[in-house]
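Below, each chain spelled out in residue letters.
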Amino acid sequence: MSYSKLFCTGTATSDVFSNKDLFPLFYRTLPADSFQGTFIARYCTYMGWTTINIVTGTDSYSSSIYAAFWAKAFALGITSAQIQVADSVTFLAADYRRLVNQLSSSTSRVILCLSGPTIIQQVMRAATTAGFGKSWVWVGGDGMGSYLSQVPHLSAQEQAFAEGTLAVFAAESAPGTYRYEQLLAEYSSIYGASHASDVSHSAFALFTGACLETMVYGWVQIARQYGVANILNGSYRPRLADFTTPLITVTGATSFLPTGDRDGLYVVLNLQNGTTVPVYQGDPSGVIVQKATPMFPDGTSTPPDWRPSYSLIYPDPTTPGVIAILALSGIMAICIIVSWAWMVLYRKTRRMRHLGLSFLTTLCVGLLALLSIPVWRAAVPTPTRCAGEVSALFLGFSLSLSSIYIRSFRIFKIFDKYAAFSCFCEVYSFFCNSRIVSKVWSTSTRALVARMLAIPLIQAALLAIQQTTSPIALVELRTITTLSYMCDLGSFATLSGLAWNLSVLLNLLLLLLLGWTSFRIRHIQASYQDTQWLVYAIQHIFVRAILYFHSIDFTHSS
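None of the values given here were measured: they were computed from a predicted structure. (Residues numbered from 1 in each chain as written. Predicted model: local features only at pLDDT ≥ 70, side-chain atom pairs only at ≥ 80, totals over all residues. Heavy atoms only, no water.)

A.B. asks: Before we go on, may I ask you to explain the overall build of the chain in this structure?
C.D. replies: Counting its secondary structure elements, the chain contains 19 helices and 15 strands. Counted over contacts in the chain with a minimum sequence separation of 6, partners at least 24 positions apart contribute 70%. Of the roughly 27,800 Å² of accessible surface on the chain, 64% is carried by carbon and sulfur atoms. (Helix = DSSP H or I, 4+ residues; strand = E, 2+ residues; numbered from the N terminus. Contact = heavy atoms within 4.5 Å. Areas by Shrake-Rupley, 256 points an atom, 1.4 Å probe, with all protein chains shown as cover.)

A.B. asks: What is the right way to look at the sheet that holds strand 15 (residues 482–488) in this model?
C.D. replies: Backbone hydrogen bonds hold the strands of a sheet together, and the pairing may be parallel or antiparallel. Strand order in this open sheet of three strands is 13-15-14, and the pairing throughout is mixed. Each end of this open sheet is capped by a strand with a single partner; those strands are strand 13 (311–312) and strand 14 (473–478). Where strand 14 meets strand 15, six bridges bridge the pair, whose relative direction is antiparallel. Across the sheet, residue Glu476 finds its bridge partner in strand 15, namely Tyr485. (Pairing = 2+ DSSP bridges.)

A.B. asks: What is the right way to read the pattern of salt bridges from this model?
C.D. replies: Pairs may arise between side chains of opposite charge once their charged atoms sit close together. Considering all chains together, one arrives at six salt bridges under this definition. A salt bridge links Asp95 to Arg98; the shortest N-O distance between them is 2.8 Å. A residue pair is termed a helical-turn pair when its members lie 3 or 4 positions apart in one helix, as Asp95 and Arg98 do in helix 3 (residues 93–103) at three residues. On the basis of relative accessible area, Arg98 is assigned to the partly exposed category, the value being 44%. (Salt bridge = Lys/Arg side-chain N within 4 Å of Asp/Glu carboxyl O. Buried < 20%, exposed > 50% of the residue type's maximum accessible area, 1.4 Å probe, protein only.)

A.B. asks: Quick question: what am I supposed to make of the nonpolar core here?
C.D. replies: The nonpolar side chains of a soluble globular protein tend to be buried with one another. Formed by 39 residues in total, the largest nonpolar core has its most connected members in Tyr43, Trp49, Ile52, Phe69 and Leu112. With seven residues, helix 1 (residues 33–47) is the single largest residue contributor to this core. Counting residues in hydrophobic clusters, the runner-up holds 26 residues, among them Ile111, Met124, Phe132 and Met144. (Core = buried A, V, L, I, M, F, W, Y, C linked by side-chain atoms within 4.5 Å.)

A.B. asks: I tried to follow the confidence of the model for the chain on my own but got confused; where do I start?
C.D. replies: When pLDDT drops low, the exact placement of atoms in the prediction is not to be read closely. Taken over all residues, the pLDDT of the chain has a mean of 82, while the share at 70 or more is 83%. Long-range and interchain partners of residues 418–433, a stretch whose pLDDT sits below 50, account for eight contacts in this model, where long-range means more than four residues apart. The model gives residues 547–558 a pLDDT under 50, and that stretch makes 35 contacts with residues more than four places away or in other chains. (pLDDT = per-residue confidence, 0-100.)

A.B. asks: Help me understand the state of the cysteines, please; the structure alone is not making it clear to me.
C.D. replies: Simply put, the disulfide is a covalent bond whose two ends are the sulfur atoms of two cysteines. Within this structure, the stated rule accounts for two disulfides. Here Cys8 pairs with Cys211 through a disulfide, and the sulfurs are 1.6 Å apart. With Cys8 in strand 1 (residues 7–9) and Cys211 in helix 8 (residues 205–226), the pair connects residues that are 203 residues apart, well separated along the chain. With respect to burial, Cys8 and Cys211 carry one shared label: buried. (Disulfide = S-S within 2.5 Å.)

A.B. asks: In this structure, what is going on with unusual backbone geometry? I would like to understand it.
C.D. replies: Leaving glycine aside, a negative phi is the common case for residues, and trans is the common case for peptide bonds. The phi dihedral of Asn273 is positive, around 55°, even though this residue is not glycine. Taking the relative accessible area as the measure of exposure, Asn273 reaches 68% and is therefore exposed.

A.B. asks: Please explain empty space enclosed by the protein as it appears in this structure.
C.D. replies: By rolling a water-sized probe across the atoms, one finds the places where empty space is left. Under the definition given, this model contains three cavities of 30 Å³ or more. As a volume, the largest cavity reaches approximately 70 Å³. Sort the elements by how many residues they give to the lining of the largest cavity and strand 7 (residues 166–170) lands first, with three residues. Counted by class, the lining of the largest cavity contains seven nonpolar, two polar and one charged residues. (1 Å grid on protein atoms, 1.4 Å probe; cavity = no way out; pocket = protein on both sides within 12 Å on 5 of 7 lines; lining within 4 Å. Points joined across faces, edges and corners; volume = space filled by probe spheres on them. Nonpolar A, V, L, I, M, F, W, Y, C, P; charged D, E, K, R; others polar.)

A.B. asks: Would you mind showing me how to read a nonpolar patch on the surface here?
C.D. replies: Together, Leu498, Leu502, Val504, Leu505, Leu508 and Leu511 line one region of the surface with nonpolar side chains, adding up to about 500 Å² of accessible area. Residue position: Val504 is located in helix 18 (residues 495–520). What makes Val504 partly exposed here is its relative accessible area of 40%. (Patch = residues over 30% accessible without salt bridge, like charges linked within 9 Å, V, L, I, M, F, W, Y side chains within 5 Å.)

A.B. asks: Please clarify how the packing of helix 12 (residues 357–371) against helix 14 (residues 383–414) should be interpreted in this entry.
C.D. replies: Packed helix pairs are characterised by how far apart their axes lie and by the angle those axes make with each other. As a packed pair, helix 12 and helix 14 sit with axes 7 Å apart at the nearest point and diverge in direction by 150°. It follows that helix 12 is roughly antiparallel to helix 14 by the angle criterion. Where helix 12 crosses over helix 14, the two elements pack in a sense that is left-handed. Contacts from Phe359, Thr362, Leu363, Val365, Gly366, Leu367, Ala369 and Leu370 of helix 12 reach helix 14 at Ala392, Leu393, Gly396, Phe397, Leu399, Ser400, Ser403, Ile404, Ile406 and Arg407. Among the residues making up the contact of helix 12 with helix 14, the classes are represented as twelve nonpolar, five polar and one charged. (Axes fitted to C-alpha atoms, helices over the stretch in contact; angles between N-to-C directions. Parallel < 35°, antiparallel > 145°, perpendicular 65-115°, else oblique. Left-handed = near helix turned anticlockwise from the far one by under 90°.)

A.B. asks: Help me out: how do you make sense of helix 8 in this one?
C.D. replies: A turn of α-helix holds 3.6 residues, and therefore any two residues three or four places apart point the same way. In this model, helix 8 (22 residues) spans 32 Å end to end at C-alpha, consistent with the 32 Å of a helix rising 1.5 Å per residue. If you check which residues of helix 8 are buried, you get Leu206, Phe207, Ala210, Cys211, Glu213, Thr214, Gly218 and Ile222. Each buried residue of helix 8 lies within a common arc of 165° when the element is viewed along its axis, so the set occupies one face. Counted as exposed and oriented over 90 degrees from the buried face of helix 8: Leu212, Val216 and Arg224. Gly227 sits one or two positions beyond helix 8 and adopts a positive phi of about 90°. (Expected span 1.5 Å × (residues − 1). Arc of directions from axis to C-beta.)

A.B. asks: Where do I start with helix 12 in this structure?
C.D. replies: Taking 1.5 Å as the rise per residue, helix 12 with 15 residues should run 21 Å; its terminal C-alpha atoms sit 21 Å apart, in good agreement. Inspection of helix 12 places Phe359, Leu360, Thr362, Leu363, Cys364, Gly366, Leu367, Ala369, Leu370 and Leu371 among the buried residues, and these make up the whole buried set.

A.B. asks: I'm lost on the sheet that holds strand 6 (residues 137–140) in this one. Help?
C.D. replies: Taking strand neighbours across the sheet as the criterion, the eight strands line up as 4-3-5-6-7-10-11-12 in an open arrangement whose pairing is mixed. In this open sheet, the two strands that pair with only one neighbour each are strand 4 (79–86) and strand 12 (288–290). On average, each strand axis in the sheet is inclined to that of its neighbour by 25°, with strand direction left out of account. In this sheet, strand 5 (residues 110–114) lies alongside strand 3 (residues 51–57) in parallel orientation, the contact comprising four bridges. Looking across to strand 5, one finds that Val55 is bridged to Cys113. Running at roughly 175° to strand 4, helix 3 makes contact with strand 3, strand 4 and strand 5 of the sheet.

A.B. asks: Please explain the packing of aromatic side chains as it appears in this structure.
C.D. replies: Geometry of an aromatic ring pair is reported as the spacing of the ring centres plus the angle between the planes. Under the criterion given, the structure shown has 22 aromatic pairs. Centre to centre, the rings of Tyr27 and Phe256 are 5.8 Å apart; their planes meet at 85°, and the pair counts as edge-to-face. Within this pair, whereas Tyr27 is found in strand 2 (residues 26–28), its partner Phe256 is found in the loop between strand 9 (252–253) and strand 10 (266–272), the two being separated by 229 residues in sequence. Residues Tyr27 and Phe256 agree in their burial class; the two are buried. (Phe/Tyr/Trp six-rings, centres within 6.5 Å; stacked < 30°, edge-to-face > 60°.)

Structure below.
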């Protein structure tokens, strides 16, 4: 069933009225809701915003603007970073906070609010509380315009946050048009020139006036062509085309589409010091011009970039804290290298032969690997640096612990409880001889070196598997104002993840073995040289761990 009465409006913008099957004689002197979406897409292109965020609703108004925006945006090459949908009926304050928290990690700083004023107000309030900075740009349709009209009634914090907001509105004023200039002159003569600007904020009054003009003009033309009698007796039925012919009205020249919609002008209102100022204007052909100096949220008149500007957080090698860590690590590394060179030089002495150069070399290599971790960390992270840091940590830890463990194992094997079985050995000498042979073999240099290098070699193989199957990647960690990177080791459900798990388990196994042997040799006197050596080695490990974990706290912003 259709509504067949002639009807003109200067206020109704719903796209439902564009359906000529339902409303064959309906027309309007302002654009439909969907036209806002088309103009906003053009405006984004004009401003150079090729990636945007969208907040929209579930109502028909939001849906029509959203659909029209994308119909044009796809053709213009505009993409979205995030699309958030809110329901003005069911959403609570917590829902809006969650929506805004998700927006905070977006890769675009432009937010299009394609919804009604209720959703916009709640989103803006949540963004104010969340601490969104001045780098964010908020743009909306006439729903945003309605929100801006409420700004004087909001809190001081919300008013300050709304500064620089942009709202797309159907333009009623038409400077340069005779009918508009005549009305403006009459208005100024009555109310004074200082109030003349109020005409451009007349809340669709001029559109309604234009509607009356087109309707009167249409009836006059019909009366002239067909006669008043034919109109009064109903022999002539009006057509939509009789009233949608081009006409110069108080709002400028009218141009109607077959749907009865007017493809009119749009103006972009900008909130500046609590007042909305028309700063851009666009015509139906897609031409957009700047009418006044805009003021964006950052306080400048330069159109902001949609790309976010983050503070990049990373250990900067030029900051004092990181310099101190690198210097201390370097001094320790030099001391280790010099000590190792001294040990090589005196490797044939009795004491060095007793301690074993191979064991000392393994410990030195492990400590040097651990000391290299600040070097891998002290820069902007890359996949290569991540791989280097993780490899140095795993292998350095494994080599150092293996060297310490094998020395404690040697002490344990030498001072085991064989003496307690001396009486047993006098009777069963064969078993005791076998035990002695086993002890001699297990404490030989070859056997000890083989035990010592077994786990580090397995670690190296696991690291190679991990890097081959699934190399370490970088994961971005974003907040509203900061950007940092984390080394992603991948999913533990893959072959790479299995390799990582095994590497961790091997290091835990080394710790358990070292703890077990240390417990077994706890009664051996401290004056024994190997015991002193173990104490020094463990001390090096703890110092290195302190340096490593403190190096991540010295960050830099750029």
